[in-house]
Amino acid sequence: MYEFQRSWLLAQLGPDTDPADLARRFFRLRSARAVALEGLGARRAKLLADPLKVTVDGVVTMDLQENLRGIERQIEQVRHPGPR
């Protein structure tokens, strides 16, 4: 994997992404775009595994629906990049 590919992947998946994990995925998938899509898909699946909204009346509300929509938008952008 070239440095520009790693930089792009870190921009897509966040700076705390494990570089060794990126390298393993890249070796297996052979495409930075495929690595990004797999990583974003895993994040989407993790969000969907738990309730997106939890409310404890009068105490707290936690709503992750916007996070899910954001990841889905990012997946579409990676899948179908627009003109620059």
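For the structure, see preceding data.
This report concerns the structure included in the present document. (Residues numbered from 1 in each chain as written. Predicted model: local features only at pLDDT ≥ 70, side-chain atom pairs only at ≥ 80, totals over all residues. Heavy atoms only, no water.)

**Points about the packing of helix H3 (residues 32-49) against helix H4 (residues 65-79)**
Interhelical geometry of H3 versus H4 gives an angle of 160° and a closest axis separation of 10 Å. The orientation of H3 with respect to H4, classified from their angle, is roughly antiparallel. Like other packed secondary-structure pairs, H3 and H4 cross with a definite hand, here left-handed. Residues Arg-33, Ala-36, Leu-37, Leu-40, Gly-41, Arg-43, Arg-44, Leu-47 and Leu-48 of H3 form the contact with H4, whose own contacting residues are Asn-67, Leu-68, Ile-71, Glu-72, Gln-74, Ile-75, Val-78 and Arg-79. Broken down by class, the residue content of the contact of H3 with H4 amounts to nine nonpolar, three polar and five charged. (Axes fitted to C-alpha atoms, helices over the stretch in contact; angles between N-to-C directions. Helix = DSSP H or I, 4+ residues; strand = E, 2+ residues; numbered from the N terminus. Parallel < 35°, antiparallel > 145°, perpendicular 65-115°, else oblique. Left-handed = near helix turned anticlockwise from the far one by under 90°. Contact = heavy atoms within 4.5 Å. Nonpolar A, V, L, I, M, F, W, Y, C, P; charged D, E, K, R; others polar.)

**Some words on a nonpolar patch on the surface**
A cluster of nonpolar residues, Val-54, Val-56, Val-59, Val-60 and Met-62, forms a patch on the protein surface that exposes about 420 Å² of accessible area. Those elements that provide at least two residues to the nonpolar patch are strand S1 (53-56) and strand S2 (60-63). Relative to the helices and strands, Val-59 resides in the loop between S1 and S2. Look at Val-59 and you get exposed, because its relative accessible area is 65%. (Patch = residues over 30% accessible without salt bridge, like charges linked within 9 Å, V, L, I, M, F, W, Y side chains within 5 Å. Areas by Shrake-Rupley, 256 points an atom, 1.4 Å probe, with all protein chains shown as cover. Salt bridge = Lys/Arg side-chain N within 4 Å of Asp/Glu carboxyl O. Buried < 20%, exposed > 50% of the residue type's maximum accessible area, 1.4 Å probe, protein only.)

**Topic: helix H1 (residues 3-13)**
For H1, the full list of buried residues reads Gln-5, Leu-9, Gln-12 and Leu-13. Viewed end-on, H1 has its buried residues packed into an arc of 80°, placing them on one side of the element. Opposite its buried face, H1 presents the exposed residues Phe-4 and Ala-11, each directed more than 90 degrees away. The secondary structure elements touched by the buried residues of H1 are helix H2 (19-29), H3 and H4. Just downstream of H1, Gly-14 is the residue with a positive phi angle, here 105°. (Arc of directions from axis to C-beta.)

**Some details on the pattern of salt bridges**
Counted by the stated rule, this structure contains ten salt bridges. One salt bridge in this structure joins Glu-38 and Arg-25, with 3.0 Å as the shortest N-O distance. Placement of the pair is Glu-38 in helix H3 and Arg-25 in helix H2, with a sequence separation of 13 residues. Close ionic contact of Arg-79 with Glu-76 constitutes a salt bridge, the shortest N to O distance being 3.1 Å. Within this pair, Arg-79 and its partner Glu-76 are both found in helix H4, separated by three residues, close to a single helical turn. By relative accessible area, Glu-76 is classed as partly exposed at 38%.

**Focus on the side chain of Thr-17**
One can find Thr-17 in the loop between H1 and H2. By relative accessible area, Thr-17 is classed as buried at 13%. A polar contact of 3.1 Å, which involves the side chain of Thr-17, links it to the backbone oxygen of Leu-13. A polar contact of 2.8 Å, which involves the side chain of Thr-17, links it to the backbone oxygen of Gly-14. Non-local contacts of Thr-17, meaning those with residues more than four positions away in its chain, are made with Leu-10, Leu-22 and Arg-43. (Polar contact = N/O pair within 3.5 Å; in protein donor to acceptor, adjacent residues only side chain to side chain.)

Read these as geometric descriptors, not functional statements.
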